[in-house]
Amino acid sequence: MSSHRPRIASTTSGMLSSLLEDALDPAYAEAAARRGDAGERDDRKRSQTLSLMIGCLLVAGLLLGIAYTDTRAEAPGSERARLALLADVQRDSARTAELQERLEQLRAEVADAVDAGLVVTEEGRAQSELVQRLEAATGVLAVEGPGLVVTMSDAPPEESVDPVSGESVEVVPEAGLVLDIDLQVVVNALWAAGAEAIAVDGRRLAPTSSIRTAGEAILVDFQPVSSPYVVEAVGNPDLLVPRFAGSETAGRYDAYRQLYGIGFDLARAEQMSLAAATDYDLRYAENTATPTAGPTK
Amino acid sequence: MIPALALALGIVLGLILDPTVPLWLQPYLPIAVVAALDSVFGGVRARLDGIFDAKVFVVSFVSNVLVAALIVFLGDQLGVGAQLSTAVVVVLGIRIFGNAAAIRRHVFRA
């Protein structure tokens, strides 16, 4: 070491270089040198240290084995818990779907029974028609039929540089994001164009449904939906398609598609089936029947 | 030969017996493992260098494991346990690597 260097630098570099170069414990070399001087030790002492050494190796092996089994026992533990939770979730969502199906089936049965009871009289038939129309409009019943499918999606992501890490990341430009208000406007335009039933990403809209943003996700009736957003509208396609395509809303989103790259596609569908709305409560009821029909319970 | 067998026997015993490690010993186990590995690699290298000494090995093994555990224990008491564990692992890891490289040079002559 040259004398003008700071003392600390020389000690640390000395420590590091000795650590990197003399990996072997210097005691071995010293012991070898001593042995060279003193000659062989007596046999009794030799066998004693040998058995000690074997004991040490046994302990070392034990340590390795225990550490291995310990780690193994721990990792699958958390993995097991995760898998069990996953199984629980899957089982419960399957059960929910099953119950949902049963609910729809029972509702259809109730509707059939009501119809069967009502078609007996002229007045009943009128009531039955009214009920069916209301049920379709409120999303209580699943509906099938032709209509229009509007697919909206975020603009394709662009390369940009992350301001924090300096890495290039793919980001959807802000103007190219489909927002809750976009879906609201399109859904309202579809209602205005004569849609009889609408579903967003498979979620049937009831009159009280909400479409809103929470954080970065869009929620339809508190269930998240994601891009591409498929808005299915059942209605007479001969009226629905030209009316919606000619609407101010469709014109505006067509312009957005060209300006910002938002996905906006219309497709006529001959056969769609929309499930019933999952989440509705009876909030208001009115007895439209004449007193002769009698109160129902 | 016998030492290698002893090591293998220890591993097998550890795997088969599957002893539960008491909770208070849990933080020292990884450090003890690294220290033991360091001693074993050092011993193998010394053997290949032709300067192996059983007594040095025994003393270095016991003191390595104890000192490593002691450092971690002290660190735990003083609130720098994780950092000191890292320090021990780094230093012993460098030594293990150096000894492994020396063993490689002996075995493959490269």
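The notes below deal with the structure included here. Sequence order as written defines residue numbering, which begins from 1 separately in each chain. Starting at A for chains and at 1 for ligands, labels are handed out in the order in which the entities are written. The predicted origin of the model limits local features to residues at a pLDDT of at least 70 and limits the giving and counting of side-chain atom pairs to 80 or more, whereas totals for whole chains, interfaces and linings rest on all residues.

**Topic: the overall build of chain A**
Basically, it comes down to this: A run of H or I in DSSP becomes a helix once it reaches four residues, and a run of E becomes a strand once it reaches two; helices and strands are each numbered from the N terminus. For the exposure call, what matters is how many other C-beta atoms sit within 10 Å of a residue's own: 20 or more marks it buried, 12 or fewer exposed, and in between partly exposed, using C-beta atoms placed from the backbone. In this description, a residue-residue contact is defined by the distance between C-beta atoms placed from the backbone, which must lie within 7 Å.
On a plain count of helices and strands, chain A comes out with seven helices and ten strands. A total of 297 residues make up chain A; the buried ones form 20% of that total. Counted over contacts in chain A with a minimum sequence separation of 6, partners at least 24 positions apart contribute 72%.

**Points about the overall build of chain B**
A tally of regular secondary structure across chain B gives four helices and zero strands. In chain B, the succession of α and β elements from N to C terminus is α-α-α-α. Going through the 110 residues of chain B one by one, you find that 35% of them count as buried. Considering only intrachain contacts with a sequence separation of at least 6, the fraction spanning at least 24 residues in chain B is 67%.

**A short note on the pairing of strand β2 (residues 158-161) of chain A**
Residue and element names in this part refer to chain A. As a reminder of what qualifies: A pair of strands counts as paired when DSSP detects no fewer than two bridges linking them.
As paired strands, β2 and strand β3 (residues 168-171) are joined by four bridges and run antiparallel to one another. Its bridge partner lying in β3, Glu 159 is registered against Glu 170. Counted along the chain from β2 to the antiparallel partner β3, the turn is six residues long, and its residue Gly 166 has a positive phi close to 75°.

**Considerations on the interface of chain A and chain B**
Heads up, the rule is: Classification used: nonpolar for Ala, Val, Leu, Ile, Met, Phe, Trp, Tyr, Cys and Pro, charged for Asp, Glu, Lys and Arg, polar for all others including Gly.
With 30 residues of chain A in contact, the opposing surface of chain B contributes 40 residues. Going through the elements one at a time, α1 (7-21), α2 (26-38) and α3 (43-118) of chain A are the ones with two or more residues in the side of chain A that touches chain B. The dominant element in the side of chain A that touches chain B, judged by the number of residues it contributes, is α3(A), at 20 residues. Along the lines of polarity and charge, the residues of the side of chain A that touches chain B split into 24 nonpolar, four polar and two charged.

**Some details on the sheet that holds strand β7 (residues 217-220) of chain A**
All names here are of chain A. Filter applied, for reference: Axis lines are fitted to C-alpha atoms, over the contacting stretch for helices. Their N-to-C directions set the angle, which ranges from 0 to 180 degrees.
Spatially, β6-β7-β8 is the arrangement adopted by the three strands of the open sheet, whose pairing is antiparallel. With partners counted over all chains shown, the strands left at the sheet margins are β6 (211-214) and β8 (223-225), one partner each. Neighbour to neighbour, the strand axes of the sheet diverge by 45° on average, direction disregarded. The sheet contact formed by β6 and β7 spans four bridges and is antiparallel. Each bridged residue has a counterpart across the sheet, and for Ile 211 the counterpart in β7 is Val 220. Lying on the sheet, helix α5 (residues 180-192) is in contact with β6 and β7; it crosses β6 at an angle near 175°.

**Quick notes on the sheet that holds strand β9 (residues 229-234) of chain A**
Residues and elements named next belong to chain A. One open sheet holds the five strands; their spatial order is β5-β4-β9-β1-β10, and the pairing between them is antiparallel. Each edge of the open sheet is held by one strand with a lone partner, namely β5 (203-204) and β10 (263-274). Bridging between strand β4 (residues 197-200) and β5 involves two bridges; their strand directions are antiparallel. Across the sheet, the residue bridging to Ala 199 is Arg 204, located in β5. Strands β1 (143-153), β9 and β10 of the sheet are contacted by helix α6 (residues 237-245), whose axis makes an angle of about 20° with β1.

**Examining helix α3 (residues 54-78) of chain B**
All names here are of chain B. Here is the rule we go by: Expected span of a helix: the number of residues minus one, times 1.5 Å.
With 25 residues, α3 extends 36 Å from end C-alpha to end C-alpha; this agrees with the ideal 36 Å at 1.5 Å per step. Listed as buried for α3 are Ala 54, Val 56, Phe 57, Val 58, Ser 60, Phe 61, Asn 64, Val 65, Ala 68 and Val 72. Looking one or two residues past α3, Gly 79 carries a phi angle of roughly 85°, positive in sign.

**Observations regarding unusual backbone geometry**
Residue and element names in this part refer to chain A. Backbone torsion omega between Ser 227 and Pro 228 reads -5°, so that peptide bond is classified as cis. Within the secondary structure, Pro 228 is located in the loop between β8 and β9. The backbone of Asp 201 sits at a positive phi, close to 50°, despite the residue not being glycine. Along the chain, the position of Asp 201 falls in the loop between β4 and β5.

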